[in-house]
Amino acid sequence: MAGHTVPIDFRVDPAKIANPVERKTLLQDFLPLVEPFTGPLEEISSYELPGGCHMVLYSSDNMTLSVKLYSNGLVTAAVEYYTNAVNTHKIVNDDGRKLERELRKELGCTLAKVLPAIKRAPIINPYFTTSDDRLIEYDVDEKLFEEQTDYQKVEIYHTKSYGNMLVLDDLQNLAESDLPYTEGLMDKGKEKYTGKEVLILGGGDGALLWELLKDKPKFVTMIDIDDTVMKQCRRHLKSVCGDCLDKYDGDNYKVIVGDAIAHMREYLKEGRKFDYVFGDLTDVPISTEPKGELWDFMRTIINLGTKVTRPGTGKYMTHALGIQCSEALKMFEKQLNQLEVPVTYTRTSHYIPSFKEKWCFYQVAVQEA
């Protein structure tokens, strides 16, 4: 059960909107193109809005059509209706392409675009976004788990294309299809983990731990604050975490449920160092300047993480954002250049299937003081 909104947008000569007679003719010519899908439409109301914009609302037996006409020639229309068949569209792709051709022919449009129906408040949300706020609709068919823990909102969805997908605070975290994410974070094929001591900050889905263990490290310590994430990934994302979350103490690994910051401060007091430290926590924030709670948290994590990395040979490995978020990435690199310990860094990128974008990863080499 959901509402469907079908956007129908096009551009005409602005004179057709400015002139009342031509505007009325434009609407009269537009309605017959839409009525094969809506049924006969009756005008309910019309308004003149500030800025020379006009709005008209039409209704049929079970649908509405709203039309906004802007003074610059842009016309945005929306067919809306309620349906029990959430994934069945009344205007399918072929209908949309045909309607676009008719709009260009009959109305003399310079541009016409009909989008698939946007699903409004379905029982299972199919919409998430890329790191630069582009809308993605997933082929979800089931929500397997949902809980608001003390730390975050945890959800796991099943998708037909990507398998089960972990979502934290409404952001895609990892799907069963996303081995490229884990391998990108590891810089797989370039870094050697055999015989190394490794610290994972976060990583509650278990995927990084599972892949690292295949390389036979000396020991891996993983610290994640939210046990719910690990328990549910053990149940629903077994294909990415294997059996490493079945028990929290293994032959060459230990999973700690706790605060990574507090543990790193203890490691500093003890003088404990790691060959690799993975920051698999929050994404780089999107903002106009590197200020605020998320930036402060990230700076704390990276400063502590690089301090517990073995200088001269050790690396701090982390993820960032999609490659299109260039300004945020520049701000992040500026933070790396201002760390309390000297570092150099490289950046790589990999396409992550469920994110539908190329994601950036950083390899931060900690230098001798």
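Residues numbered from 1 in each chain as written. Predicted model: local features only at pLDDT ≥ 70, side-chain atom pairs only at ≥ 80, totals over all residues. Heavy atoms only, no water.

Draft legend 1. Here's a closer look at the sheet that holds strand β16 (residues 253-257). Spatially, the seven strands line up as an open sheet ordered β16-β15-β14-β17-β18-β20-β19, and their pairing is mixed. Both edges of this open sheet fall to β16 and β19 (343-352), since each of them pairs with a single strand only. Between one strand and the next, the sheet's axes are offset by a mean angle of 20 degrees, whatever the strand orientation. Against the sheet, helix α4 (residues 179-186) contacts β17 (276-280), β18 (315-322), β19 and β20 (357-366), and its axis sits at roughly 165 degrees relative to β19. With respect to the sheet, helix α9 (residues 293-307) is in contact with β14 (197-202), β17, β18, β19 and β20, its orientation differing from that of β18 by roughly 155 degrees. (Pairing = 2+ DSSP bridges. Helix = DSSP H or I, 4+ residues; strand = E, 2+ residues; numbered from the N terminus. Axes fitted to C-alpha atoms, helices over the stretch in contact; angles between N-to-C directions. Contact = heavy atoms within 4.5 Å.)

Draft legend 2. Spatial organisation of the pairing of strand β4 (residues 64-69). As paired elements, strand β3 (residues 53-59) and β4 share six bridges and run antiparallel to each other. When the sheet's bridge partners are listed, V56 is paired in β4 with V67. Between β3 and β4, which pair antiparallel in sequence order, lie four residues. Relative to strand β5 (residues 74-83), β4 is paired through six bridges, and the arrangement is antiparallel.

Draft legend 3. Fine view of the UniProt feature "active site" (unreviewed entry) in the protein chain. The feature "active site" (unreviewed entry), as annotated in UniProt, sits at D280 in this numbering. Relative to the helices and strands, D280 is located in strand β17. Among all residues touching D280, those that are not within four sequence positions of it are Y181, L185, L201, G202, G203, L208 and H319. (UniProt positions renumbered as here; feature names shortened; annotations may be inferred.)

Draft legend 4. Structural view of the pairing of β19. Here β19 pairs with β20 via ten bridges, running antiparallel. Its bridge partner being in β20, H350 is matched across the sheet by W359. Between the end of β19 and the start of β20, which pair antiparallel, lie four residues, with K356 showing a positive phi angle near 60 degrees.

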